[in-house]
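The primary structure of each chain is shown beneath.
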Amino acid sequence: MKFWTRREFGRLTGAALLTALNQPKARGQAKARVVVIGGGIGGATVARYLAVSATAIEVTLVEPRQSYTTCFFSNLYLAGLRPFKSLSHGYEALAKQYGITVIHESAEAIHPAAKTVALNNGSKLSYDRLVVAPGIAFRDRALRGYDEAAMEIMPHAWNAGPQTSLLRQQLESMEDGGLFVIVVPPNPFRCPPAPYERASLIASYFQRSKPKAKILILDSKDSFNAQDLFQDAWNRHYPGMIEWLPAQFTGGVTAIDAKTRSVITEGATFKAAVANVIPAQMAGRLVQQAGLANQSGWCPVDPVTFESALQPGVHLVGDAIIGGDMPKSAFCANSQAKACAFAIAADLTGSARFPAHLFNTCYTYLAPDDAFSNAISFKPVDGKLKSVISFVSKVEESSEVRRQAARAAEGWYDAFTHDVFG
Amino acid sequence: MRPVARSAIATGLVLLVSQSGAAAGADQGAQLAATCASCHRLDGGGTGIPSIIRLGEERLTNALLAYRASESPNHIMHAIALSLSDEEIASVARYVAAQGK
Ligand SMILES: Cc1cc2nc3c(=O)[nH]c(=O)nc-3n(C[C@H](O)[C@H](O)[C@H](O)COP(=O)(O)OP(=O)(O)OC[C@H]3O[C@@H](n4cnc5c(N)ncnc54)[C@H](O)[C@@H]3O)c2cc1C
C-alpha cells in the first residue's frame, strides 16, 4: 500500500483521484489474485461475478472435473423426462469470455498463513483472497454398512454424475411391482425438498411404466418442508403409490445391508428392489482439513462478506457454510456468491459497497406439469442469516397456475445456468 | 495544515464525492441486476420466464412497484420487490433498461 504525501494528494483531483483509489490496494504489484476452489454453483458464480465487476482482479478457478452436472433437474432425468446431457455444463465460456484461468485439478491443502493452495498435481497457487466452495461430503460411518462399495449398489445420487445415471439404470431395469426405497438424512442436508421431489417424479415414471411399483420414504425426521403440498399432490396424482414413514414410526434408519439391498430401521428391515440411500452430510473434505469447519462439520462465516469466521482472507459460499435460515440450495449458493464477489471486489479495489440482497427461489416438481414455488429473502441479523420475507404456493392453487410454474421452472434452469456458467 | 493544501484536498474530495455518486448509482444497479439474472436472462434470450431488458425504465419501475404492493399475481416477484427500497427500484430499473439499448 502506498501512502500519499500531502502534496501528491493535493495534486490529484476528480477522475484521477477516483482511478487512483480504484486501483488494487497492492499498488505497484501485479493485479490482485483471487483463487476460487470448486467450480460448482457457488464457486463458478463467484468467479464469473468477480471477473465482470473488477478488471483489476485476476481470477483462477480450480475444479477437477471438465464439466459440471447439475443436481437440480436431475430428478427429471431420473423420471425419464430429460436427457442426462442437458444437465451438463462446461467451463469454456468462463475461460474464453470472462478471462478466468480454469485449472482442472483438485485442491489438496490450504495454507492460510502463507496464502497458498496446494494442488494435487504438485503445483502451488498464491492468492490475495481465497474463496472455497467445495459443496458437501458424506459423513463417515453415519449409517452402518453404507460404504463406497454399498454406494455402487444402493446409490445416493446426491452429487450429480455417475451416481445419478446408476440410479436411473436401476429404476429402468426394476420389475413392475418392485419396491423403491428412499432414505432421507437428518438436517441439515443439501436441498431439503429434493428427496420428496424425487419421490414425486419417480412416481410419475412408475405410473407410466410400472404402475404396480411402490415407493417407500424412510425419513430421519418427523416432518418435512412443504409437507402439505407434497402430500396433497401424492393423493391427487399417485394414490396409494408413495408411503412416507417418519422417524417416530420406524425409530430411524440404523444400517444398510447392501448384499440383500435392505434398509434396517430400529423396528424392521425393508428389502428393496431399488434403494436410494442419501447419507448424512457435512462440508466438503477440503475444509475439514483446512480448519475452516467447526465441530458441526460446517463452516461459520460472516453473513455480509462470507469471510470465514475461523481463517481471515478465506471466504466460503454454498452448501459448505452454516447459512442460518438459508437452505443448502443452488439458488442460495448463487446469491451468496454474488454478495461475496462484490465484497471481495470492494476490499481489493475500493469499489462501492451496497447492502447485499440474498434470496432463495425454488421451483419444485410434484408431477411433470405440476410445480410449486417459494421465495424467501434473507438479511444478516445479529451475525446470522435470518429469513425476513417468505412466500410459498398454496395447496388450493389451480392446475393452470401449477402448469405455469412447471413452465417457468424450465425458463429458470436456462437463465440460471447461464448466470453461473456464462 | 496550511490553507492552500487544505483547499486542494477539499476540491479533490468534492470531486470524488460527486463522481463516485454517479459511478455508485450504476454500480448499485449492476449489483441489484445480478439478482434478476438468477432467473431472467439479461442477454435477451430465454423462454418460460419473461425477458425484462426491453421493457424500458418506466415500465420496469411500475412493474416492480406493483409487485411490491401485492402478492398476486406472482409471489416470487412480490418477495423480491418487497426487499427493495424506492431508490433501489429506481437504480435497478435504470440499469436493466440500459441493457436493452
Ligand atoms: C436431487 C437434487 C435436486 C436439487 N434441486 C435443486 C433446485 O431445484 N434448486 C436449487 O436451488 N438447488 C437444488 N439442489 C441443491 C444444489 O444442487 C446445491 O445446493 C448446489 O449445488 C450447491 O452449490 P455448491 O457450489 O455449494 O456445491 P456444488 O455445486 O456441489 O459444487 C462443488 C464443486 O466443488 C468441487 N470440489 C470439491 N472439492 C474440491 C477440491 N478439493 N478442489 C477443487 N474442487 C473441489 C466439486 O467438484 C464441485 O464441482 C438440488 C440438489 C439435489 C441433490
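What counts, and where the lines are drawn
- Residues numbered from 1 in each chain as written.
- Chains lettered and ligands numbered in written order.
- Predicted model: local features only at pLDDT ≥ 70, side-chain atom pairs only at ≥ 80, totals over all residues.
- Heavy atoms only, no water.
- Domains from an automatic or database assignment.
- Buried area = accessible area lost by both parts, 1.4 Å probe.
- Salt bridge = Lys/Arg side-chain N within 4 Å of Asp/Glu carboxyl O.
- Helix = DSSP H or I, 4+ residues; strand = E, 2+ residues; numbered from the N terminus.
- Near = heavy atom within 4 Å.
- Polar contact = N/O pair within 3.5 Å; in protein donor to acceptor, adjacent residues only side chain to side chain.
- Areas by Shrake-Rupley, 256 points an atom, 1.4 Å probe, with all protein chains shown as cover.
- Pairing = 2+ DSSP bridges.
- Axes fitted to C-alpha atoms, helices over the stretch in contact; angles between N-to-C directions.

*Asks:* What's the story with the domain arrangement of chain A in this structure? I'm lost.
*Replies:* You'll often see interface size given as the accessible area lost when the parts meet. All names here are of chain A. Partitioning chain A into domains gives domain 1 (6–138 + 281–357) and domain 2 (148–277). Here domain 1 and domain 2 have C-alpha centroids that lie 34 Å from each other. For the pair domain 1 and domain 2, the summed buried area comes to about 2,000 Å², and 61% of that belongs to carbon and sulfur atoms. Run the count over domain 1 and domain 2 and you get one salt bridge. With a shortest N-O distance of 2.5 Å, Asp319 and Arg190 are connected by a salt bridge. Among the elements of the structure, helix 4 (74–78) and strand 10 (136–138) are those that each provide at least two residues to the side of domain 1 that touches domain 2. No other element matches helix 4, which puts five residues into the side of domain 1 that touches domain 2.

*Asks:* What exactly am I supposed to notice about the site of the ligand here?
*Replies:* Residue and element names in this part refer to chain A. Residues in contact with the ligand amount to 34 residues; listed here are only the nearest, Gly42, Glu63, Tyr68, Arg190 and Asp319. Measuring from an oxygen atom of the ligand, one finds a backbone N or O atom of Lys328 at 3.4 Å. The backbone of Ser329 places a nitrogen or oxygen atom 3.5 Å from an oxygen atom of the ligand. Surface burial for the ligand is 93%, taken as the share of its 1,000 Å² of free accessible area covered by protein chains. A total of three residues in the shell around the ligand trace back to one element, the largest contributor, which is helix 12 (residues 330–349).

*Asks:* So what exactly am I meant to see when it comes to the sheet that holds strand 8 (residues 124–126) of chain A here?
*Replies:* Backbone hydrogen bonds hold the strands of a sheet together, and the pairing may be parallel or antiparallel. All names here are of chain A. Strand order in the open sheet formed by three strands is 6-7-8, and the pairing between neighbours is antiparallel. The outermost strands of the open sheet, each flanked by one partner alone, are strand 6 (107–111) and strand 8. In this sheet, neighbouring strand axes are inclined to one another by 20° on average, regardless of whether the strands run parallel or antiparallel. Of the pairings in the sheet, the one linking strand 6 to strand 7 (residues 116–119) comprises four bridges and is antiparallel in character. Bridge pairing in strand 7 links Ala109 to Ala118.

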